Amino acid sequence: MTFRIFLAAMLRLPTLLSGLLIIFASFQGLAAGDSAHDVQLDSLLESYESARNKENKFQTVIQIIDHLADQEDWEQALVYGRLGMQLAEDMDARVLLPEVYERLADIYYYLEFYSLAADFSEKAIEILKEEGDRRRLADAYDAYSLELDALGKNPEALEASLSAAEIYEEIGDKESLAQTFNDIGVIQYYMGKNDLALSYYEKAYTLFQEIGFEGGMAMCYTNIANILSEQGDYEKGLEMYFKGLEYDLEVNDPEGIIISKGNIGETYTEMGEYQKAEEFLADALKRAEDHGDQWLLTNPLRGLAGLYRAQGDIDKALGYAQQSLKVALSIKAKAEIIESYYIISEIEKDAGNYKTALHYWELYARLKDSLLDESSNHIMLEMEARFRAQEQMKEIELLKKEQEIDELKDREAAMKHEEELREEKNKQVFLWSALGVFFVILVLALIGFRAIRKANRKLADQNDTIRKAQEDLKNAFEQIEETNKDITDSIRYAKQIQEAIMPDESNIANVLPDAFVFFRPRDIVSGDFYWVHERENEVYFSV
C-alpha cells in the first residue's frame, strides 16, 4: 500500500520558476531552428545585444532563463545559466551568482537531476550566508532540503529544513514556517520516526489554522492520515482523509480530490471493505482520466491492483499494475515506476511466477538505487548541454564583435539624446504656457463661481425670510380663528340663556290670542327682551 505524501513544495509550485509543473520530456532548443517563433525571446535577445554594460546584460540573461524555463526549453535555459555565471564572474560580482545558482537548481530539480540541483543550492547557500540575506537564505535551505530528500539523504535534508525553519521563525514568516514544519514531518516519516512526524504535522496544522490557510490544513490532514493508516488506526485515518477531501471538494481542487479518494480507497482495501474501496478508487481513476494528468493516473491504478490482489483476482490485479507501469514509463516518473515494479513483483510472486517476480524485483531495486547514483544521467545531460552551448557560444562571440561598435552607437545615442532634450525643452515651454492660460481661466472661473455662490446664498436668505413671514402669518391666522371660535361659542351660549329667560310663544298665545311676536336679532343674540304675565285676569307685558 502506497499513500501519496503531500510536501509543502506542492503548495509552492506556482512560485518556482513561474509555475513549472511538468517533468522534462524532450529538448526543443531554439538553436535547432525548428521551434515556433518566440517574439518575447527575440525582444530579450535584442535587449541583451543593446545593453550598455555587463550588469544590464546579466539582468537580461536572468529574464531569458526565466522565459525559457516557462517555455520548458530546459536546454537553452541551462546554456544561458552558464552565460549568467560567466558574466557574474567577469564582473567579479560574486553576490549575483545566487540568482543563477537558484534557477539552475530549480531546473535540475524538475529534470530529476537531484545531485546537480543540490550542488547549485549548496553554492547559493554559501554565498547567501556571507551576504546576510536571511529571506533568500531560508528559501535556499528549503529548496536544498527538497533536493536532498529526493536523493534519499534524509538526515541532511532534515538539517537543511531545520535551518530554514529557524530563519522563517526569526523573520516571522508563519506560512513558510508551517510549510517547512510539514516538510520536516515528511522527512521524519521517511526516516521511520512517526511520532516526530506527527508532532511536526500538528505544528504545521496549528500555524496553517492560525493564518487561515485551509489548503495547508488539508495537506496536514492527509499526511497525518497516512501515518494513522500505516499504524493500523484506519478509522482515525479515514476521518482525516475525509476532512482533506471535504476541503478539496469545497474549493474544487481536482488533483486533491483524486489523491484523497485514492488514499481513502486504499485504506478501505486494508480494512477489507472492498466494495467501498472499489467505489473510491474507480471514481479517482475516472476523475484522473477526465483531468488528463498522466501522473495522477498511476496511484488509483496501483490502488485497484492492490484491491484485486487482496481479493485474489490475480489477472485484474496484474492488468491494473501493468497499466500503472505503462503510464509511469511514458512520463518518466521514476518514483511511480519504482512502485509499479514493486507491486507487479508481489503479484507475480502470489501467482507463483517466481522467475517473473524476481525480474521485476531486480528492476525495482536497480531503479531505486539509481536515484542515489545519477552520474550517468549527469554525463548525458552535460554532453547534450555542451553541444548546444558550443553552438550558443558562437552566437555570443558574434555579439562580442558587435560590442566594438558600441562606442559609435553610444555617440549616436548621445546626439539623439541631446536632440530629444531640445524637443523636451520646447515641449516644456509649450506645457508651461498652456498651464498659465489654464491657470488664468481657472482663476476667472473661481471668481465667477464665488459670485454665483454669494448670490445664491443671498437668495436663500431671502427665501428663508419669506418662508418665516408666511409661517408667522399662518400662526396668527390660526390664533385669530381659534379666538373667533371661542367668541362665537360664547354668543351661542348666551342665546341659549336668552331663549330660556323669555316666555314661549305658546304661552303668549294663551294669554293674548290675537297677539304675535316679531323678534329678529341682527346677530345671534339680541339686545331686546320681552316679558308677559297674567295675574287675576290682568295681563302684564313689557318690552
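Just so we're clear, the structure is a prediction, and the values are computed from it rather than from any experiment. (Residues numbered from 1 in each chain as written. Predicted model: local features only at pLDDT ≥ 70, side-chain atom pairs only at ≥ 80, totals over all residues. Heavy atoms only, no water.)

**Brief notes about the nonpolar core**
Counting residues in hydrophobic clusters, the biggest one holds 80 residues, and the most contacted among them are Phe181 and Tyr341. Apart from the residues lying within four places of it in its own chain, the contact partners of tyrosine 341 are Leu325, Leu329, Tyr360, Leu363, Tyr364 and Leu367. Leu44, Tyr101, Tyr108 and Leu111 belong to the second largest nonpolar core, which has 33 residues in total. (Core = buried A, V, L, I, M, F, W, Y, C linked by side-chain atoms within 4.5 Å. Buried < 20%, exposed > 50% of the residue type's maximum accessible area, 1.4 Å probe, protein only. Contact = heavy atoms within 4.5 Å.)

**Quick notes on the pattern of salt bridges**
Per the stated rule, a full pass over the model turns up 19 salt bridges. In this structure, aspartate 66 engages arginine 103 in a salt bridge whose closest nitrogen and oxygen atoms are separated by 2.8 Å. One end of the pair, aspartate 66, is in helix 3 (residues 54-70); the other, arginine 103, is in helix 5 (residues 97-110), and 37 residues separate them in sequence. Assessed through its relative accessible area of 22%, aspartate 66 is described here as partly exposed. In this structure, glutamate 239 and lysine 243 form a salt bridge, with 3.9 Å as the shortest nitrogen-oxygen distance. With glutamate 239 and lysine 243 both in helix 12 (residues 234-250) and four residues apart, the pair spans about one turn of that helix. (Salt bridge = Lys/Arg side-chain N within 4 Å of Asp/Glu carboxyl O. Helix = DSSP H or I, 4+ residues; strand = E, 2+ residues; numbered from the N terminus.)

**A short note on the packing of helix 9 (residues 174-190) against helix 11 (residues 214-230)**
The angle between the axes and the distance between the axes are what describe a pair of packed helices. Here helix 9 crosses helix 11 at 15°, and the two axes come no closer than 11 Å. Overall, the two elements helix 9 and helix 11 adopt an arrangement that is roughly parallel. As helix 9 packs across helix 11, the resulting crossing turns out to be left-handed. Here Asn182, Val186 and Tyr189 of helix 9 lie close against helix 11, whose contacting residues are Met219, Cys220, Asn223, Ile227 and Glu230. Here the residues of the contact of helix 9 with helix 11 sort into five nonpolar, two polar and one charged. (Axes fitted to C-alpha atoms, helices over the stretch in contact; angles between N-to-C directions. Parallel < 35°, antiparallel > 145°, perpendicular 65-115°, else oblique. Left-handed = near helix turned anticlockwise from the far one by under 90°. Nonpolar A, V, L, I, M, F, W, Y, C, P; charged D, E, K, R; others polar.)

**Describing a nonpolar patch on the surface**
A cluster of nonpolar residues, Phe438, Phe439, Val440, Leu442, Val443, Leu444, Leu446 and Ile447, forms a patch on the protein surface that exposes about 780 Å² of accessible area. Relative accessible area serves as the criterion here: at 48%, valine 440 is assigned to the partly exposed category. (Patch = residues over 30% accessible without salt bridge, like charges linked within 9 Å, V, L, I, M, F, W, Y side chains within 5 Å. Areas by Shrake-Rupley, 256 points an atom, 1.4 Å probe, with all protein chains shown as cover.)

**What about the environment of isoleucine 184?**
Tracing the backbone through its elements, the reader meets isoleucine 184 in helix 9. Note on isoleucine 184: relative accessible area 0%, which makes it buried. It is 9.8 Å that separates the C-alpha atoms of isoleucine 184 and asparagine 154, two residues lying 30 residues apart in sequence.

**Concerning unusual backbone geometry**
At aspartate 92, a residue that is not glycine, the phi angle is positive and equals roughly 55°. In this structure aspartate 92 comes out as exposed when scored by relative accessible area, which is 70%. Phi is positive for asparagine 252, close to 55°, though the residue is something other than glycine. Within the secondary structure layout, asparagine 252 lies in the loop between helix 12 and helix 13 (254-271).

**Considerations on the packing of aromatic side chains**
The full count for this structure, using the stated rule, is 15 aromatic pairs. Here the aromatic rings of tyrosine 108 and phenylalanine 120 are separated by 5.8 Å at their centres, their planes lie at 5°, and the arrangement is stacked. Linking tyrosine 108 in helix 5 with phenylalanine 120 in helix 6 (residues 114-131), this pair joins segments that are 12 residues apart in sequence. Judged by relative accessible area, tyrosine 108 falls into the buried class, the value being 2%. Geometrically, the ring pair formed by tyrosine 341 and tyrosine 360 is tilted, given 6.1 Å between the ring centres and 45° between the ring planes. With tyrosine 341 in helix 17 (residues 334-350) and tyrosine 360 in helix 18 (residues 354-370), this residue pair connects regions lying 19 residues apart in the sequence. Each member of the pair, tyrosine 341 together with tyrosine 360, is buried. Taken together through their ring pairs, the aromatic side chains of Tyr101, Tyr108 and Phe120 make up a single cluster. When the ring centre of phenylalanine 181 is taken as origin, the NZ or CZ atom of lysine 203, which lies over that ring, is 5.6 Å away. (Phe/Tyr/Trp six-rings, centres within 6.5 Å; stacked < 30°, edge-to-face > 60°. Lys NZ or Arg CZ within 6 Å of the ring centre and 35° of its normal.)

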